[in-house]
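Close look at the chain arrangement
Spelled out, the chains give:
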Amino acid sequence: MQIVTKNPTNLIESLKNANAQLKAEIRERKRAEKALQELVEKYQKTSLQLRTLINAMPDIVCFKDGTGQWLEANQSMLELFEIEKVDYRGKSDIELGEISSFYREAFLSCHHSDREAWKKRTLSRGEEIIPKRDGSMKIYDVIKVPLFYEDGKRNGIVVLGRDITEQKQTEKVMIRLASIVESSNDAVIGNTLEGIIYSWNSGAEAIYGYSISEVKGRFISMLAVPERPNEISQILANIRAGASIDNYETVHIRKDGKHIDVALTISPIKDTEGNIIGVSTIARDISDRKQIEKSFEQLRYQHQLILNSAGEGICGIDILGKISFANPAAARMTGYTIKELVNSDWSLIISGVEEGRGKKEEGIGKKLIGTQTPSNCKHSVDGGVLNHKEKDKINNKEEGRGKKEEGIGKKLIGTQTPSNCKHSVDGGVLNHKEKDKINNKNDKFSAQKNNSDSQLTTTLKKGIVCQVTDEFFQRRDGSHFPVEYVSTPILEQGKIIGAVVTFKDITERQAVEQMKNEFISVVSHELRTPLASIHGALALLKSGLLNQAPERGNRMLNIAIANTDRLIRLINDILDLERLHSQQVTTLKQTCNIAELMLQTVNEMQPIAEEAGVNLSVRTVDTKFWGCPDKLIQTLTNLLSNAIKYSPKGTTVWLTASKQVINRNHTISSDNFTSTVKTKCLYSYQVLIAVKDQGRGIPADQIESIFGRFQQVDASDSRQKGGTGLGLAICRSIVQQHQGKIWAESTLGEGSTFFVALPILDEI
């Protein structure tokens, strides 16, 4: 202040003005000081409110000055860096990093990002990762706001950060899930509760053929087939009710109109509060699986048909030897039901193997003991032994040929050959050689004990296919039957899990083989004997030795002719029998009169009976018969011929017939057929024809067997009586073709009666 003194008056005036000005300045200063105090108080109050506010925030907040020194930070910021107890104000990031060394790198990173924000001179945003002592990481979405004075100098910076760690983890999960959904081969479809599609992955596009743009906003019912119009609406109703649907198989329609099989898993989509806000549908195309299942089902059905229709028994055996499955043929052969066989031990049907072998050997022994052989055999005919004269006669006739055939007989003895065997029909003993042969076989069977079980064990343990051709299985009733079987291993990925046993009943085959062997043996003998005789006669004639003895030459020619006739009869009988059995003979049936046929037969046989010194007696019955007259005459002729042959001179053979009433529903049975006469059948009567003789009779154990091929009570009969052993077999075939029955009754030493029962035409 400058005072200029001019005069006292002016001086006083100036002092007054200066005083007034000073007072005014003092008043202004006081007012300014008061305003400043008010402002400071207001700032302090506002600062407290601000601090309270920012401390209540979950986000991190920090104020720094223009040099980067911390001015204010909220509690979340302090806790993040674990500096709650540090006087942080006025310190830079670098200084705080020195104090809290674990977070040094984090503070340095914050320092550099601050510099970048000031450098850009505008708001910046980024993610900062803060490591934690437990090894986890915190991720923050950080916003930095740089502040400047009007002159452009730094004023400060505000740091705001939000913890997005969980969000980031959720995003990763969502990205991973989205990637899985998008890369899934299944269709993943999102739709509203009303069924409007809003999401559609690439799997859905591949399965249904629609792109996302083609289906978005459309109803999911567009995928339903017309045959199931209410299916999807019902599914949505269930989902709205809170239900989930798992592996629901149905049919959908593609864009190209093709129907496909799909398996659906449908779940409700819920918000954070548990409210259902949508529907998630996962659809898997199972068309290929359905086709495979269909093929497998067809294959299973075909296999089942094969198993059920197979004539051979088939059983599955597990690794423990239990039967896992069996087909109807196996049940039929063994007498069990399939239910009884399954889960039973395999030993159930093989437990009788040794007993079955024993019975087989017993049969072989009896066969060797009791077989009717035609040469060099000692037989019982009428319950006793042939007299010496008969034996000498037979032995003399066979002596020459016996030596020649001795080697053949020895070779064939094991198969029951008809030559060079010494048997006793009534249960005599085999010679030493034959006993040794049977004993050797018994030893062989003993050595094969449990063979069936061991073969299956071999298959189960070693995986080897085993074939057994001569074995016995046991039926439910305890009886046995011969079988051949093959056991084949069941492999799964190279591991043996069981076996399949396929077996067949070879009873009939063995019987056929036995019959074939017997047939060959007998036929070879029956052919060889007359041929040898013919050959001998012709050789003598050719040599000229009989030129000087014409009577002996004629006798030899007669022998040759007789043997030739015998061969012709044998061949004709064999052919007739085969034709009858194969039904190759066309039988012309007509209405015949039984009485006329019986009288015609007697007239034809009368000369033969007179030559044998046997009387014929006939008693007919006048009745009608539908059949072949020639075949019936052939049957009666054969029966009368046999009766005459085996009747002593001076005895009588009776041929009689009687008419009988057959009960309604009466059954006439034979070995090869069963005929039931019902109420409306034409046949309600039968004629019973009987041929009775007074011959030597037939042993009871041969009553049935004489109707077989080449069967005779005494094998020497074929030479003495001229028979072939086929006549009664032919008779049985003829009678059976006429729906009749033939049988015999006999008493040794008194004679035999052969009966023929035939249905006749109803005369009522």
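Residues numbered from 1 in each chain as written. Predicted model: local features only at pLDDT ≥ 70, side-chain atom pairs only at ≥ 80, totals over all residues. Heavy atoms only, no water.

1. Observations concerning the overall build of the protein
Where we set the bar: Here a helix means four or more residues in a row that DSSP labels H or I, a strand means two or more in a row labelled E, and each is numbered from the N terminus. When accessible area is computed with a 1.4 Å probe and restricted to protein chains, residues below 20% of their type maximum are described as buried, those above 50% as exposed, and intermediate ones as partly exposed. Two residues form a contact once any of their heavy atoms are found within 4.5 Å. To measure how exposed things are, a 1.4 Å probe is used in the Shrake-Rupley method; for residues, cover is taken only from the protein chains shown.
Counting secondary structure elements, the protein contains 22 helices and 24 strands. Expressed as a percentage of its 764 residues, the buried residues of the protein come to 38%. In the protein, the proportion of contacts linking residues at least 24 apart, taken out of those at least 6 apart, comes to 55%. Within the structure as shown, the protein displays about 44600 Å² of accessible surface, and the carbon and sulfur contribution to it stands at 53%.

2. Here we look at helix α8 (residues 231-240)
For clarity, the cut-off: Picture the helix axis, draw a direction to every C-beta atom, and the arc is the one those directions span.
For α8, the set of buried residues is E231, I232, I235, L236 and I239. Seen from one end, α8 has its buried residues packed into an arc of 130°, which puts them on one side. Buried residues along α8 sit against β6 (187-191), β8 (245-253), β9 (259-270) and β10 (276-285). One or two positions beyond α8, positive phi appears at G242, with a value near 95°.

3. Structural notes on the sheet that holds strand β19 (residues 652-661)
Short version of the rule: Strands pair, by our definition, only if DSSP identifies at least two bridges between them. As a rule, the C-alpha atoms of each element are fitted with a line to give its axis, helices using only the stretch in contact, and angles between N-to-C directions run from 0 to 180 degrees.
The strand order across the open sheet formed by five strands is β17-β19-β22-β24-β23, and the pairing between neighbours is mixed. The open sheet has two edge strands with one neighbour each: β17 (615-619) and β23 (741-747). Along the sheet, successive strands turn relative to each other by an average axial angle of 15°, direction set aside. Pairing between β23 and strand β24 (residues 751-760): seven bridges, direction antiparallel. The residue of β24 that forms the bridge with W743 is F755. Most of the contacts of helix α19 (residues 594-612) go to β17, to which it runs at about 175°, and overall it touches β17, β19 and β22 (685-692).

4. Quick notes on the packing of aromatic side chains
Convention followed: Classification of ring pairs uses Phe, Tyr and Trp, with its six-membered ring standing for Trp, and accepts pairs whose centres are within 6.5 Å; under 30 degrees between planes counts as stacked, over 60 as edge-to-face, and the remaining range as tilted. Either the NZ atom of lysine or the CZ atom of arginine qualifies as a charge over a ring when it sits within 6 Å of the ring centre and within 35 degrees of the ring normal.
Counted under the stated rule, the structure contains eleven aromatic pairs. Where F473 meets F481, the ring centres are 6.2 Å apart and the plane angle is 85°; that geometry is what we call edge-to-face. For F473, a relative accessible area of 0% puts it in the buried group. A residue is classified by how much of its surface remains accessible, and F481, at 0% relative accessible area, is buried. Centre to centre, the rings of F473 and F503 are 5.1 Å apart; their planes meet at 70°, and the pair counts as edge-to-face. Of this pair, F473 sits in strand β13 (residues 466-474) while F503 sits in strand β15 (residues 495-505), and the two are 30 residues apart along the sequence. By the ring-pair criterion, three or more aromatic residues cluster together here, those being W70, F81, Y88, F102, Y103 and F107. One cation-aromatic arrangement involves K692 over W654; the distance from NZ or CZ to the ring centre is 5.6 Å. For the cation-ring pair, K741 lies above W743, with the distance from its terminal atom to the ring centre recorded as 5.4 Å.

5. Focus on the sheet that holds strand β4 (residues 137-148)
One open sheet accounts for five strands, arranged β2-β1-β5-β4-β3; its pairing is antiparallel. Across the chains shown, the open sheet's two edge strands, defined by having one partner strand only, are β2 (70-73) and β3 (124-131). Each strand of the sheet is rotated relative to its neighbour by a mean of 25°, with strand direction disregarded. As paired elements, β4 and strand β5 (residues 154-163) share nine bridges and run antiparallel to each other. Its bridge partner lying in β5, K144 is registered against V159. Running at roughly 35° to β4, helix α4 (residues 104-120) makes contact with β1 (60-65), β2, β3, β4 and β5 of the sheet.

6. Regarding unusual backbone geometry
Of note in the backbone geometry, E82 takes a positive phi value of approximately 55° without being a glycine. Looking at where E82 falls in the secondary structure, it is placed in the loop between α2 (75-80) and α3 (93-99). According to the relative accessible area criterion, E82 is partly exposed, its value standing at 34%. One non-glycine residue, N343, lies in the positive phi region at around 75°. By the secondary structure assignment, N343 is in the loop between α11 (338-341) and α12 (347-350). Its relative accessible area of 62% is what places N343 among the exposed residues.

7. Section: the packing of α19 against helix α20 (residues 629-645)
Threshold: Crossing chirality is assigned from the near helix's rotation relative to the far helix, an anticlockwise turn below a right angle marking it left-handed and a clockwise turn marking it right-handed. Each residue is assigned to one of three groups, with Ala, Val, Leu, Ile, Met, Phe, Trp, Tyr, Cys and Pro labelled nonpolar, Asp, Glu, Lys and Arg labelled charged, and all others, Gly among them, labelled polar.
Where α19 meets α20, the closest approach of the two axes is 9 Å, and the angle between their N-to-C directions is 30°. Judged by the twist between their axes, the crossing of α19 over α20 is right-handed. Judged by residue contacts, I594, L597, M598, Q600, T601, E604, M605, I608, A609 and A612 of α19 engage P629, L632, I633, L636, T637, L640, S641 and I644 from α20. Among the residues forming the contact of α19 with α20, the class breakdown is 13 nonpolar, four polar and one charged.

8. So, a nonpolar patch on the surface
We count it as follows: Each patch groups residues whose relative accessible area exceeds 30% and which form no salt bridge, using 9 Å between like charges and 5 Å between nonpolar side chains of Val, Leu, Ile, Met, Phe, Trp and Tyr. The term salt bridge refers to a side-chain nitrogen of Lys or Arg lying within 4 Å of a carboxyl oxygen of Asp or Glu.
Residues V173, M174, L177 and I180 make up a contiguous nonpolar surface patch of about 360 Å² in total accessible area. One can find M174 in helix α5 (residues 165-183).

9. A word on the pattern of salt bridges
The tally for this structure, following the rule as stated, stands at 26 salt bridges. Salt-bridge contacts for D186 lead to R284; the nearest nitrogen and oxygen are separated by 2.8 Å. Here D186, found in the loop between α5 and β6, pairs with R284, found in strand β10; they are 98 residues apart in sequence, far enough to count as distant. Of the charged contacts, one joins D256 and R254 as a salt bridge, the two residues approaching to 3.3 Å between their closest N and O atoms. Owing to a relative accessible area of 52%, D256 belongs among the exposed residues under this scheme. Via salt bridges that share partners, K64, D93, D114, E128 and K144 belong to a single interconnected network.

10. Quick look at the environment of F102
Relative to the elements of secondary structure, F102 occurs in the loop between α3 and α4. With relative accessibility at 33%, the residue F102 sits in the partly exposed group. Sequence separation between F102 and P131 is 29 residues, and the spatial gap between their C-alpha atoms is 8.9 Å. Sequence-distant contacts of F102, defined by excluding residues within four places in its chain, comprise P131, K132 and R133.

11. A closer look at the confidence of the model for the protein
As a reminder, the rule being used: pLDDT is defined as a per-residue confidence score from the predictor, taking values between 0 and 100.
Per-residue pLDDT for the protein averages 77, and the proportion of residues at 70 or more is 73%. Every residue in residues 437-449 scores below 50 in pLDDT, and together they form 16 contacts with partners more than four places removed in sequence or on other chains. Every residue in residues 715-719 scores below 50 in pLDDT, and together they form 17 contacts with partners more than four places removed in sequence or on other chains.

12. Considerations on the nonpolar core
Counted only if it meets this: Among buried residues, those of type Ala, Val, Leu, Ile, Met, Phe, Trp, Tyr and Cys that are joined through side-chain atoms within 4.5 Å constitute a nonpolar core.
Of all hydrophobic cores here, the largest spans 37 residues; its most connected members are I594, L639, L655, V687, I689 and F754. When residues of this core are traced back to their parent elements, those giving at least two are α19, α20, β19, β22, α22 (727-737), β23 and β24. Here this core takes seven residues from α20, the largest share from any one element. With sequence-adjacent residues up to four places away left out, V687 is seen in contact with I594, V621, T623, A657, S658, V756, A757, L758 and I760. Counting residues in each nonpolar core, the second largest holds 25 residues, with I197, M222, L236 and L264 among its members.

13. So, the pairing of β9
Pairing analysis gives seven bridges linking β8 to β9, with the strands arranged antiparallel. Looking at the pairing, Y248 lines up with L264 of β9. The turn joining β8 and β9, which pair antiparallel and follow one another in sequence, is formed by five residues; a positive phi near 90° is taken by G257. Pairing of β9 with β10, which is carried by nine bridges, proceeds in the antiparallel orientation. The residue of β10 that forms the bridge with A263 is R284. The turn joining β9 and β10, which pair antiparallel and follow one another in sequence, is formed by five residues; a positive phi near 90° is taken by G274.

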